[in-house]
Amino acid sequence: MSGATGGQSDITTSEAVTLELPDADSTRALGAALARQLRAGDLVILTGDLGAGKTTLTQGIGATLHVRGQVASPTFIVAREHPPLPREDGTRGPGLVHADAYRLGGLSELDALDLDSSLGDSVTVVEWGRGLAEALADDRLEIDLERPRGAAPSFDPGVTAEEDPEAGTRKVTIRAVGQRWAGIDLGALLS
């Protein structure tokens, strides 16, 4: 894996930005806002319990990057690559690599995915990546998503939107790490 320097003192970490998102649509909207700031080579590490909104946030990123294919949880696939589609002006943005480290047994299994080979051409989003994916790049966004305990989405068609925890408030904390993000005010970018 490239980019790992293991504790160099020149790595900077921004002040964390914390937001409250009232529902899944606002989580996708945050992903869209982030995508407007992301470029090829960027790494985003998502942490949060099941149903916290990691894939929902990634859907917003994928839609705004204008990539091919439906962004869905990569839990059983482990990693999905979404190539960029042409934009209206004919240009293409970066692709999206969406990985799930939940089932990985350690750094060697993450290394076997060879994510760093596509890192320069794509935005790479790793769910459940804390403690593993940091080795992919010194520069990254670390995003923690929390939702109230017991707030798993309801699949009962008789549950109203007000009762559906999918509409429940999530707390999202974003930290920017590395020189790529130095001097960038994430709070201003996301407001």
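Quick notes on the rules
- Per chain, the residues get numbers from 1 upward, laid out in the order the sequence is written.
- For this predicted model, a pLDDT threshold of at least 70 governs which residues receive local features, and a threshold of 80 or more governs which side-chain atom pairs are given and counted, while totals over whole chains, interfaces and linings are taken from all residues.
- To obtain the side-chain values, all non-hydrogen atoms of the structure were used and water was disregarded.
- Pairs of strands are assigned from DSSP output, requiring at least two bridges between the strands.
- Numbering of helices and strands starts at the N terminus; helices are DSSP runs of H or I of at least 4 residues and strands are runs of E of at least 2.
- For helices, the fitted line uses only the C-alpha atoms of the stretch in contact; every axis is such a line through C-alpha atoms, and the angle between N-to-C directions lies from 0 to 180 degrees.
- Any pair of residues with heavy atoms lying within 4.5 Å of one another is described as a contacting pair.
- Salt bridges, as used here, are contacts in which a Lys or Arg side-chain nitrogen is within 4 Å of a carboxyl oxygen on Asp or Glu.
- Relative accessibility under 20% of the residue-type maximum defines a buried residue, over 50% an exposed one, and the middle range a partly exposed one, all with a 1.4 Å probe and only protein chains included.
- Residues grouped as a nonpolar core are buried Ala, Val, Leu, Ile, Met, Phe, Trp, Tyr and Cys residues, joined through side-chain atoms within 4.5 Å.
- To estimate how far a helix should extend, the number of its residues minus one is multiplied by 1.5 Å.
- Pairs of N or O atoms are called polar contacts if they sit within 3.5 Å, as long as, within protein, a hydrogen donor faces a hydrogen acceptor (for residues adjacent in sequence, only side-chain-to-side-chain pairs).

A. A look at the sheet that holds strand 3 (residues 79–82). The strand order 1-7-6-2-5-4-3 describes an open sheet built from 7 strands, whose pairing is mixed. Of all strands in the sheet, those with a lone pairing partner are strand 1 (17–21) and strand 3, marking the two edges. Each neighbouring strand pair of the sheet contributes to a mean axis angle of 15 degrees, computed without reference to strand direction. Pairing between strand 6 (residues 140–146) and strand 7 (residues 170–177): 7 bridges, direction antiparallel. Within strand 7, the residue paired with glutamate 142 across the bridge is arginine 175. Helix-sheet contacts for helix 1 (residues 24–35) involve strand 1, strand 6 and strand 7, and the interaxial angle to strand 7 is about 15 degrees. In the packing of helix 2 (residues 54–65) onto the sheet, contacts are made with strand 2 (43–47), strand 4 (95–100), strand 5 (122–127) and strand 6, and the angle to strand 4 comes to roughly 170 degrees.

B. Here's a closer look at the pattern of salt bridges. The tally for this structure, following the rule as stated, stands at 6 salt bridges. Note that aspartate 42 and arginine 180 form a salt bridge whose closest N and O atoms lie 2.8 Å from each other. Here aspartate 42, found in the loop between helix 1 and strand 2, pairs with arginine 180, found in the loop between strand 7 and helix 4 (186–190); they are 138 residues apart in sequence, far enough to count as distant. A salt bridge links aspartate 144 to arginine 130, with the nearest nitrogen and oxygen atoms 2.4 Å apart. Linking aspartate 144 in strand 6 with arginine 130 in the loop between strand 5 and strand 6, this pair joins segments that are 14 residues apart in sequence. Residue classification places aspartate 144 among the buried positions, given a relative accessible area of 15%.

C. Focus on the nonpolar core. The biggest cluster of nonpolar side chains holds 27 residues, and the ones touching the most others in it are Leu30, Leu34, Ile61, Leu96, Leu141, Ile143 and Ile174. Mapped by element, the contributors of at least two residues to this core are strand 1, helix 1, strand 2, helix 2, strand 5, strand 6, strand 7 and helix 4. Tallying contributions element by element places helix 1 first for this core, with 4 residues. With 9 residues, the next largest nonpolar core counts Ile45, Ala99, Ala133 and Ala137 among its residues.

D. Helix 2, seen in detail. Here helix 2 is 12 residues long and its end C-alpha atoms lie 17 Å apart, about the 16 Å a rise of 1.5 Å per residue gives. Looking at helix 2, one finds that the buried residues are Lys54, Thr55, Thr56, Leu57, Thr58, Gly60, Ile61, Gly62 and Leu65. Considering only its buried residues, helix 2 is in contact with helix 1, strand 2, strand 4, strand 5 and strand 6. Looking one or two residues past helix 2, histidine 66 carries a phi angle of roughly 65 degrees, positive in sign.

E. Broad picture of the environment of alanine 176. Positionally, alanine 176 belongs in strand 7. For alanine 176, a relative accessible area of 1% translates into the label buried. With 159 residues separating them in the primary sequence, alanine 176 and valine 17 have C-alpha atoms 9.1 Å apart.

F. Structural detail: helix 1. Taking 1.5 Å as the rise per residue, helix 1 with 12 residues should run 16 Å; its terminal C-alpha atoms sit 17 Å apart, in good agreement. Burial of helix 1 is extensive: 9 of the 12 residues sit out of reach of the surface. Of the surrounding elements, those touching the buried residues of helix 1 are strand 1, helix 2, strand 6, strand 7 and helix 4. Put simply, aspartate 23 is the residue that caps the front of helix 1, since its side-chain oxygen is 3.3 Å from the backbone nitrogen of aspartate 25.

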